[in-house]
Amino acid sequence: MGLPLLGCLVNLPTAVIYGSLTLFVSILHNVFLLYYVDTFVSVYKIDKLSFWIGETVFLIWNSLNDPLFGWLSDRVFLSTQQSGAEISSPEVILKRLKALSRNGPLFAISFLAFWVSWAHPGLQFLLCLCLYDSFLTMVDLNHNALLADLAVSAKDRTSLNFYCSLFSAIGSLSVFMSYAVWNKEDFFSFRIFCVVLALCSVAGFTLATWLLRQRFETEVKVKWDQASTLKELYIEQPSAPLEKRITLGEYLKQLSRHRNFLWFVCMNLVQVFHCHFNSNFFPLFLEHLLSDRISLSTGSFLLGISYIAPHLNNLYFLSLCQRWGVYAVVRGLFFLKLALSIIMLLAGPDQVHLLCIFIASNRVFTEGTCKLLNLVVTDLVDEDFVLNRRKQAASALLFGMVALVTKPGQTFAPLIGTWLLCTYTGYDIFQRAPLSNVVSAQPKLASNAAWAPTLRQGCFYLLVFIPITCALLQLLTWSQFSLHGRRLQTVKSQRQSLTQSRSQEIKMI
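Residues numbered from 1 in each chain as written. Predicted model: local features only at pLDDT ≥ 70, side-chain atom pairs only at ≥ 80, totals over all residues. Heavy atoms only, no water.

- Identification of the chain as Major facilitator superfamily domain containing 13A from Chelydra serpentina is taken from an unreviewed UniProt entry.
- A UniProt comment under Subcellular location (unreviewed entry) is attached to the chain, and it reads "Membrane". (UniProt positions renumbered as here; feature names shortened; annotations may be inferred.)

Have a look at this one:
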């Protein structure tokens, strides 16, 4: 029975196997996001100073490791096409797959380090966050880079992204299963659950990368045989120009002249800010806008939908991308975000059903837009390849540079949100005392009834004005982005012709 099963796996489409890698990341990462803070605060009893030191170091490392790992991975590809030695696309793909086969299991092991107390809480918090994020970054960079390396056409890339969204939705189910075993008082069942998830992730990464490597190793072997035959011919050409390596400073100058890259990262910075703002304040909006008007099960349903619906909704968005193009779909989502926010503002906070729909749809559409933007980055990889005449597309490095500029949005989201809420209502979200105690601490003339509407009104204005502001800024920057339509088709045609001409040149020799 094992051989037929292996045969079925070997015959799976490349897009399915590539997409399955997101399953083995999401089953762990969703659980991590949901429980790591609660584990260290409520179970390990980390002190406030150690917690903020760990978060600060993590935020700095989280921003820097993307371009650092991208540079280490792709700096060899930055030389021009005039150099004598060539690196074939299958070799680049194999390089990425080997990195995934190493870092995927290490990512799963680093995930387990959170759930067992093995050091002082402050030290363990810092080390666990940095190790986990390092391996997650290596996995994400190489996986995203494969999206640009495996395919050039928009149709093929959309197909690859389709399966990523499908498997991400399946991976989100680990959040629902975790509710059954999560218990702060008895951590044993949750630890066993995490071990099972990690073992599934290790097995999945190992099998998926092995299956993909089998598809490209044969092609690389043929090219190496050709290269060994032609090696003497290259040696006999002393006039062949030496390979010119590009320094980091030169690469940054090239990026600074890449107009579409600059407009994209400005737009994406706002998008990352909005995505994390929704994630950070979703529970707060449920508590202060809807908790007294909907049942507990309805609130849990809205929370669960906010995890799964973005992935499922993205399947529909990708079908629209195949018909209208990514640029038009993203622009349409910005207009939709603006329109829904204005309608909600005019309707007011007392329309409970409309408020439920808006809170859920705001998060779903925003997360869906984030997932589409990887396709735009792959188009930027193509344009960078053509503009700078790369030997190979530096996919991982460009993804890393995008992350360097946009990840500060993760930090700005809670800072700006809490500052606005505190400025408008006087309510400090970080106070350990429950709201009722805070109210009782006010002067006796200020009653509970007077405080609650102010906080509720503040949450409502925060809920609607942040999307309106983000949508206006994004529409402004996105209108300056020119890599779509005829310009995009020209870039893709040039990349395909340049890649094919090099391979045909070797075959002709």
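**Here we look at the packing of aromatic side chains**
(1) Moving on: The final tally for this structure, using the stated rule, is 36 aromatic pairs.
(2) Moving on: Ring geometry for F40 versus Y44: centroids 5.0 Å apart, planes at 85 degrees, classification edge-to-face. We note that F40, like Y44, is buried.
(3) Moving on: When the ring of Y316 is compared with that of F317, the centres are 6.4 Å apart and the planes differ by 45 degrees; the resulting orientation is tilted.
(4) Moving on: Looking at F317, the relative accessible area reads 5%, which means it is buried.
(5) Moving on: Above the ring of F385, the side-chain terminus of R495 is found at 5.2 Å from the ring centroid. (Phe/Tyr/Trp six-rings, centres within 6.5 Å; stacked < 30°, edge-to-face > 60°. Buried < 20%, exposed > 50% of the residue type's maximum accessible area, 1.4 Å probe, protein only. Lys NZ or Arg CZ within 6 Å of the ring centre and 35° of its normal.)

**Observations regarding the state of the cysteines**
(1) Moving on: For the structure on display, the rule yields 1 disulfide.
(2) Moving on: Between the sulfur of C275 and that of C370 lies a disulfide, 2.2 Å long from S to S. In this structure, the disulfide formed by C275 and C370 twists by about 110 degrees around the S-S bond and is classed as right-handed. Of the two residues, C275 sits in helix α10 (residues 259-290) while C370 sits in helix α13 (residues 352-387), which places them 95 residues apart along the sequence.
(3) Moving on: Under the relative-accessibility criterion, C275 is labelled buried at 4%.
(4) Moving on: Looking at the unpaired C130, the closest cysteine sulfur is the one in C128, lying at 9.7 Å. (Disulfide = S-S within 2.5 Å. Helix = DSSP H or I, 4+ residues; strand = E, 2+ residues; numbered from the N terminus.)

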